[in-house]
Amino acid sequence: MTRTPSSRPDEPAVVLSGVGYSYGRTPALEDASLTVAAGEVVAVTGPSGCGKSTLLMLAAGVLRAQAGRVQLAGQDLGSLGEADRARLRRREVGLVLQYGQLVPDLGVVDNIALPLLLEGRPPGDARRAATSWLERVGLELTGDERPGELSGGQAQQVAAARALVASPRLLLADEPTASLDPRAGRELLDLMVTTTRSSGGSVVLVSHDNTVAARADREVRLRAGRVAHEVGLA
Ligand SMILES: Nc1ncnc2c1ncn2[C@@H]1O[C@H](COP(=O)(O)OP(=O)(O)OP(=O)(O)O)[C@@H](O)[C@H]1O
């Protein structure tokens, strides 16, 4: 497991303070706050359109908060330019999005290896680690398949492997099991939570699914772009 010098073990993985975000005239989040402690697993739930994915994208620094502040691994994202935000995200965050978002022209193993290659790991090492993650997420593939040849569930498993391969300090997952059958979904969720936690990392799970929320220490419910309710589950 590798930890970067910037991340202290007791520092919250991410802190969102009074954040706001609108897509043009459509408000998505307003004055939303959330702190995810080191090692914590948080489920973000709420009805469609309440701002869950937007919150996740702000936490990852993919979107930039229009109000309030986001600190990722102790760094204020608002003070960083695009390139520095991308670098910090690459180092600290594993992102699993709803539809996998894999690189279409790369084979499955190369997709999984990508975060390690971008960190400068030798290609042979990176591919070996990627191949072992392919098995750990439960896929029996050669590794040369292109994302276009995968089912939705397989694409989610590959996306999870890509997010986990670099031992992220913060795993952010948007409906990570939506395309999987219940058993495969449970197994993938377990793998994501136990692996990230065992290396001291934190997990944020966005989901409609109660079984996903039940896997968390704490559930944060959003309603119409605001944190409506927090439920301790542990
Ligand atoms: N790219 C976009 N352009 C315009 N409006 C958007 C965009 N993405 C989201 N929105 C709007 O922002 C609001 C919050 O959307 P968001 O996707 O964050 O909600 P969500 O809770 O994740 O929804 P779901 O559970 O359906 O995925 C909604 O009103 C949505 O229509």
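How each quantity is defined
Each chain has its residues counted from 1, running along the sequence as written. Only residues with pLDDT of 70 or above have their local features reported here, since the model is predicted, and side-chain atom pairs are shown and tallied only from 80 upward, although totals for entire chains, interfaces and linings are computed over all residues. Excluding hydrogens and water, the side-chain values take into account all heavy atoms of the structure. A cutoff of 4 Å decides nearness: a residue is near a molecule or strand if any of its heavy atoms lies inside that distance of it. Counted as a polar contact is a pair of N or O atoms within 3.5 Å, where, for protein atoms, one must be capable of donating a hydrogen and the other of accepting one, and residues adjacent in sequence contribute only when both atoms are in side chains. In short, Shrake-Rupley with a 1.4 Å probe defines the accessible areas, and a residue's cover is counted only from the protein chains shown. Strands here are runs of E lasting at least two residues and helices are runs of H or I lasting at least four, both read from the DSSP assignment and numbered beginning at the N terminus. When accessible area is computed with a 1.4 Å probe and restricted to protein chains, residues below 20% of their type maximum are described as buried, those above 50% as exposed, and intermediate ones as partly exposed. All axes here are fitted lines through C-alpha atoms, helices being fitted over the stretch that makes contact, and every angle between N-to-C directions spans 0 to 180 degrees. By the definition adopted for this analysis, an angle is roughly parallel if under 35 degrees, roughly antiparallel if over 145, roughly perpendicular if from 65 to 115, and oblique otherwise. Note: crossing handedness is left-handed where the near helix turns anticlockwise from the far helix by less than a right angle, and right-handed where it turns clockwise. Two residues qualify as a contact provided that any one of their heavy atoms is within 4.5 Å of a heavy atom in the partner residue. Throughout this entry, Asp, Glu, Lys and Arg are counted as charged residues, while Ala, Val, Leu, Ile, Met, Phe, Trp, Tyr, Cys and Pro are counted as nonpolar. The remaining residues, Gly among them, count as polar.

The name an unreviewed UniProt entry gives the protein is Putative ABC transport system ATP-binding protein, with Klenkia soli as the organism.

Draft legend 1. Looking closely at the site of the ligand. Around the ligand, a shell composed of Tyr23, Thr26, Ala28, Pro47, Ser48, Gly49, Cys50, Gly51, Lys52, Ser53, Thr54 and His208 is seen. Note that an oxygen atom of the ligand is positioned 3.1 Å from one of the backbone N or O atoms of Gly51. Ser53 has a polar side-chain atom sitting 2.8 Å from an oxygen atom of the ligand. Out of a free accessible area of 630 Å², the ligand has 61% covered by protein chains.

Draft legend 2. Local environment of the side chain of Ser199. Structurally, Ser199 is set in the loop between helix 6 (182–198) and strand 8 (202–206). Using a relative accessible area of 14% as the deciding quantity, one classes Ser199 as buried. Within the structure, the side chain of Ser199 is placed 3.1 Å from the backbone oxygen of Thr196, a separation counted as a polar contact.

Draft legend 3. Seen up close, the packing of helix 3 (residues 108–118) against helix 5 (residues 152–164). Two numbers describe how helix 3 lies on helix 5: the axes approach to 7 Å, and their chain directions differ by 30°. Relative to helix 5, helix 3 is oriented roughly parallel. Crossing hand, helix 3 versus helix 5: right-handed. For the pair formed by helix 3 and helix 5, the contact residues are Val108, Asn111, Ile112 and Pro115 on the first element and Val158, Ala161 and Arg162 on the second. Its residues placed into classes, the contact of helix 3 with helix 5 shows 5 nonpolar, 1 polar and 1 charged.

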